[in-house]
Amino acid sequence: MYDAAAADRLGFWAEQAGGLSWAEPFTEVLDWTNAPFAKWFVGGKLNVAYNCVDRHVEDGHGDQVAIRFEGEPGDRLDITYAQLQVEVAKAANALTELGITAGDRVAIYLPMIPEAIVAMLACARVGAPHSVVFAGFSAEALRSRIDDASAKLVITADGQNRRGAQMILKTAVDEAVADCPSVEHVLVVRRTGQDVDWSAERDVWWHDIVGRQSGEHTPEAFDSEHPLFILYTSGTTGKPKGILHTSGGYLT
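Calculation criteria
Residues numbered from 1 in each chain as written. Predicted model: local features only at pLDDT ≥ 70, side-chain atom pairs only at ≥ 80, totals over all residues. Heavy atoms only, no water. Helix = DSSP H or I, 4+ residues; strand = E, 2+ residues; numbered from the N terminus. Buried < 20%, exposed > 50% of the residue type's maximum accessible area, 1.4 Å probe, protein only. Contact = heavy atoms within 4.5 Å. 1 Å grid on protein atoms, 1.4 Å probe; cavity = no way out; pocket = protein on both sides within 12 Å on 5 of 7 lines; lining within 4 Å. Points joined across faces, edges and corners; volume = space filled by probe spheres on them. Nonpolar A, V, L, I, M, F, W, Y, C, P; charged D, E, K, R; others polar. Phe/Tyr/Trp six-rings, centres within 6.5 Å; stacked < 30°, edge-to-face > 60°. Lys NZ or Arg CZ within 6 Å of the ring centre and 35° of its normal. Salt bridge = Lys/Arg side-chain N within 4 Å of Asp/Glu carboxyl O.

*Asks:* Report on the environment of A149, specifying residues and quantitative values.
*Replies:* Turning to its location among the elements, A149 is positioned in helix α6 (residues 139-149). When its relative accessible area of 7% is taken as the criterion, A149 is described as buried. Separated by 93 residues in the primary sequence, A149 and G242 have C-alpha atoms spaced 8.2 Å apart. With sequence-adjacent residues up to four places away left out, A149 is seen in contact with R105, I230 and Y232.

Structure follows, in structure tokens:
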């Protein structure tokens, strides 16, 4: 594979991209006319969530385990591709109800739980670039990342389990979004059952809004260069910098 890539790099990447499901085929592998800004798989359209989930169900792998989750001792959950497809569709419908449309940014401040993956896939499904922020970061670190991306929605949890103890999460979000005018809603997963402060106009429980949605959702195909997610640098040497990944190139 290395030799093949070295001999014909564009042909190599065209072949790799061919393993994806494209709603519209690309017409050019790489547009390098505006260097150093590359455009990959020009003209192609696809949906990342469809590629990650739906196509595997359609190919007969619905009963195969997609996520095998292990939390604290005794906290286990297996989710099949068919189950994941339903959960992602419901979450995508919930995002739409909250006013999230293609291009809107969503900040995800969650522990390592299945809802974090569902949230990322749901964002990709509706074309909303997501920004995952490590759930151990401070309110100020979270605020700077929300503010920089002008996130419209923050997805978090009431708290998280860590080595037998419960740690509250939502307090940091409340503190962060107080100075973030772009945030319209905070979507909260009930994880630990802890008491949390609540803004009736802004805050929404995940189980309330996602739970009542339809398990059917038709994904829209987006341009290969459509933003998929923003990942921020640590910020140890200055202001955190957002690295933007696009759909077709990242998925390939």
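Picking up where we left off.
*Asks:* Break down the layout of surface pockets for me, citing the residues and quoting the values.
*Replies:* In this model, the largest pocket occupies a volume close to 530 Å³. Lining the largest pocket are 23 residues, and of these L110, P111, M112, I113 and Q160 sit closest to its centre. Every element with two or more residues in the lining of the largest pocket is listed here: β4 (65-70), α5 (114-126) and β9 (159-162). Grouping the constituent residues of the lining of the largest pocket by class yields 14 nonpolar, four polar and five charged.

*Asks:* Before we move on, could you go through the packing of aromatic side chains and cite the residues and values that matter?
*Replies:* Counting across every chain of the model gives eight aromatic pairs. Three or more aromatic residues link up through ring pairs in this structure, and these residues are W22, F26, W40 and F41. Over the ring of W205 we find R190, and its NZ or CZ is 4.5 Å from the ring centre.

*Asks:* How would you sum up the pattern of salt bridges? Please name residues and give values.
*Replies:* Enumeration according to the criterion identifies 14 salt bridges in this entry. E70 is the salt-bridge partner of R76, the closest N and O atoms lying 3.7 Å from each other. Residue classification places E70 among the exposed positions, given a relative accessible area of 55%. E87 is the partner of K90 in a salt bridge, and the nearest nitrogen-oxygen pair spans 3.8 Å. Here K90 pairs with E87, and both are found in helix α4 (residues 81-97), just three residues apart, close to one helical turn. For K90, a relative accessible area of 16% translates into the label buried. Linked through salt bridges whose partners overlap, the residues forming this network are K170, D174, R202 and D203.

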